[in-house]
Amino acid sequence: MSDISLAPGRRLAEIRQQLGLSQRRVAELSGLTHSAISTIEQDKVSPAIGTLQKLLKVYNLSLSEFFSEPVQRARPKVVIEADELIDIGSQGVSLKLIHNGNPDRTLAMMLETYEPGATTGEKIRHQGEEIGTLLEGEITLTIDGQHYQLKAGQSYAIDTGHPHSFTNTSAQPCRIVSAHTPTTF
């Protein structure tokens, strides 16, 4: 739908315009302010994941669809190189989506890195489930207002229909490998 090489805000503006929507209408549909949408589309700020999800819901796109290149392959890739992972994170949070171009896949995986002090910010919520294992570091998982302190070697399994967030309050980076359903969170 849009050129992947454009900055995220500009791509959001292009998608909105292609759908014939005004910024004010998108603000009404997403629950965001008109000024927030304007600032994002001008690439003055990078939207938090939760904010981006609200916008993409209006545009009927998933995060993976927004960040991925249109793939025109007869067969999905088997081997995905490190530089082909799609980073959908921002602000100290790297969320590298492993995507082979198969639109019919039923499971998605990510390699996540949280720099010291980084957080997903707003509570994330989407239907499905997620499991993950901390490869290194520590992270605070907050789900339904309850905090869980996890460290390297520990795993988690959550119902992502409940509001949740991840925060690294340690002085070291935290790395997680996770899998989630559906693939279009």
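Just above, that's the structure.
Residues numbered from 1 in each chain as written. Predicted model: local features only at pLDDT ≥ 70, side-chain atom pairs only at ≥ 80, totals over all residues. Heavy atoms only, no water.

Caption draft 1: Highlighting the sheet that holds strand β5 (residues 138-143). Spatial ordering of the open sheet is given by β6-β5-β8, a layout of 3 strands whose pairing is antiparallel. At either margin of the open sheet sits one strand with a lone partner, and together these are β6 (146-151) and β8 (164-167). Pairwise comparison of adjacent strand axes, ignoring direction, gives a mean angle of 20° for this sheet. Note that β5 and β6 share 6 bridges and pair antiparallel. In the sheet register, Ile143 faces β6, and the bridge partner there is Gln146. (Pairing = 2+ DSSP bridges. Helix = DSSP H or I, 4+ residues; strand = E, 2+ residues; numbered from the N terminus. Axes fitted to C-alpha atoms, helices over the stretch in contact; angles between N-to-C directions.)

Caption draft 2: Local environment of the environment of Asn100. Position of Asn100 relative to the elements: it lies in the loop between β2 (93-98) and β3 (108-114). Taking the C-alpha atoms as reference points, Asn100 and Ile80, 20 residues apart in sequence, are found 6.6 Å from one another. In this structure Asn100 touches Pro76, Lys77, Ile80 and Arg105, once residues within four positions along its chain are discounted. (Contact = heavy atoms within 4.5 Å.)

Caption draft 3: Representation of helix α3 (residues 34-41) in the model. What α3 keeps buried is the set Ile37, Ser38, Ile40 and Glu41. Across the axial projection of α3, the buried residues extend over an arc of 165°, all falling on one side. Where α3 is buried, its residues meet α1 (8-18), α2 (23-30) and α4 (49-58). Positive phi shows up at Asp43, right after α3, with a value of about 60°. (Buried < 20%, exposed > 50% of the residue type's maximum accessible area, 1.4 Å probe, protein only. Arc of directions from axis to C-beta.)

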